[in-house]
Amino acid sequence: MQIIKLHSISKKILVALLGMFLCVFLLFHAAANMCILRHDGGAWYNAFCDFMGTNYLVKFMEIILLGTFLFHIILTVWVTIENKMARPQGYHQPQRSKTHTGSKLQVWTGILILVCLFCHFMDFYFVKLGLVDGNLNFYEQAHQKFQITHIAISYLVFFVVVWFHIRHGFAAMFQTLGLYNYKYGRALEVLGKIYSWVVCLMFTSVVVGVYFGF
Amino acid sequence: MRFTLHIWRQENAHAKGQFETYPIDNISPDCSFLEMLDILNESLINDRIAHPVCFDNDCREGICGMCGLYINGRPHGNDDGITTCQLHMRKFNDGDEIWIEPWRAKAFPVIRDLVVDRSALDKIIQAGGYINTTTGGVPDANAIPIPKHVADMAMDAAACIGCGACVAACKNASAMLFVGAKVSHLALLPQGEVEAMDRVRSMVEKMDELGFGNCTNTYACEAECPKLIKRQNISRLNRHWIGSLLGRDKK
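Residues numbered from 1 in each chain as written. Chains lettered and ligands numbered in written order. Predicted model: local features only at pLDDT ≥ 70, side-chain atom pairs only at ≥ 80, totals over all residues.

Caption draft 1: Looking closely at the overall build of chain A. For chain A, the count of helices and strands is eight helices and zero strands. What you see in chain A, going N to C, is helices and strands ordered as α-α-α-α-α-α-α-α. Across its three principal directions, the C-alpha atoms of chain A cover 55 × 40 × 40 Å. Considering only intrachain contacts with a sequence separation of at least 6, the fraction spanning at least 24 residues in chain A is 78%. (Helix = DSSP H or I, 4+ residues; strand = E, 2+ residues; numbered from the N terminus. Contact = placed C-beta atoms within 7 Å.)

Right, here's the structure in full:
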């Protein structure tokens, strides 16, 4: 008996809508992180962190965001299991069709993002929640963390994985929502490329900037 | 030309299949892939080596959608915009090893060797891929004006021959390109537009019921479609699905 009945397209639409919300958040997060590069002793960044930590609307949105993450993951796992069941016996020969590499790696990049996100939470978010010991001055915390070579490299790898995930996910989102057509399809693909590069370069510039002391 | 063929052999739907290897020689480069299999079958019968290899085929000119083999990792073989019957041996190199498999999907069970049951696609059509109207005489062609680009899009979608290569190519065995094409070619035209919302619901529900996978936008279906059906048809299917969820006003 099926407890929740969601048709295949409905599941994909939900994944796309949740992904869209996460894309908006990612841009917001990247823009906020750019404050770390200001040489103001963390005045702007810490003020921003204080606002994020005390505002009730932000706290409410935080719950929505975590729910979005969770629901995005649950639906994707559900879809992946159904997809595996749709072909019980695979092919002997590896697929040689001309497809986007990113699309084939989407599930794997998603899992990698989840692992990296946990490490990221250990550095920052769980510190804020008091679950892990750490410096609550996040400007200083970011400087301490990003000046350690292996942590800086780990974050850069994380951003490459995020780039792969949203590089495909952004255009796929519009396809799933039925907005990819003959007229705007190409433009949406270009927008996806711009978005993925801009967001990932913003994140990267913070880590590289702190590491080299710019 | 000389080839080593590795062909999936399976006695029936319930038997356990396996690959058998058959060397074949003296094949003309201008020979079609199915003609090459005919030559192999003749030798298998004449030399009493094994039962002939079963494979689907009919028109052998790329319009019926009956043939469909997974050849060296690609549905319909190593060329674009063709069916298996349009594939020629000149596309291979002399001495190549060729792996031939049936379409693989839960919804396409193997009947024997390389023949699969693709009636799942027919069931999707039966669920809603038609116009439910009683027709009178044929109206004048100019009585129902249709913009040229709309007629072109409908015609492009209608080119789908239902071979199932989209399902075979998709890593999720999804039939979204097939359903998208069938929904599009009817919904784009005035006669089919009337029932578009009901049609998309019926066909997608049937598609899910038959065990096809979900689309994850890899577009292998578009890359392997012998009729070059575009992914925009999947997007239109999604759009109509959303429309059917939000805009269907029924008692």
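Caption draft 2: Examining the confidence of the model for chain B more closely. Averaged over all residues, the pLDDT of chain B equals 93, while 98% of them reach at least 70. As scored by the predictor, the complex reaches a pTM of 0.90 and an ipTM of 0.86. (pLDDT = per-residue confidence, 0-100.)

Caption draft 3: Examining the pairing of strand S1 (residues 3–9) of chain B more closely. Residues and elements named next belong to chain B. Examined bridge by bridge, S1 and strand S2 (residues 18–24) share seven bridges and lie antiparallel to one another. For Thr4, the partnering residue across the bridge sits in S2 and is Pro23. Where S1 and strand S5 (residues 97–101) come together, four bridges link them in parallel fashion. Along S5, the bridge assignment pairs His6 with Trp99. (Pairing = 2+ DSSP bridges.)

Caption draft 4: Inspection of the confidence of the model for chain A at higher detail. Summarising the model, chain A shows a mean pLDDT of 89, and 98% of its residues fall at 70 or more. Helix H5 (residues 125–129) of chain A is the least confidently modelled element of chain A, averaging 83 in pLDDT, while helix H8 (residues 185–211) of chain A averages 93, the highest of any element.

Caption draft 5: How the structure looks around the packing of helix H3 (residues 148–158) of chain B against helix H5 (residues 176–187) of chain B. Residues and elements named next belong to chain B. For the pair H3 and H5, interaxial distance at closest approach is 8 Å and the crossing angle is 145°. By crossing handedness, the relation of H3 to H5 is classed as left-handed. Of the residues in H5, those in contact with Ala154, Ala157 and Ala158 of H3 are Ala181, Ser184 and His185. (Axes fitted to C-alpha atoms, helices over the stretch in contact; angles between N-to-C directions. Left-handed = near helix turned anticlockwise from the far one by under 90°.)

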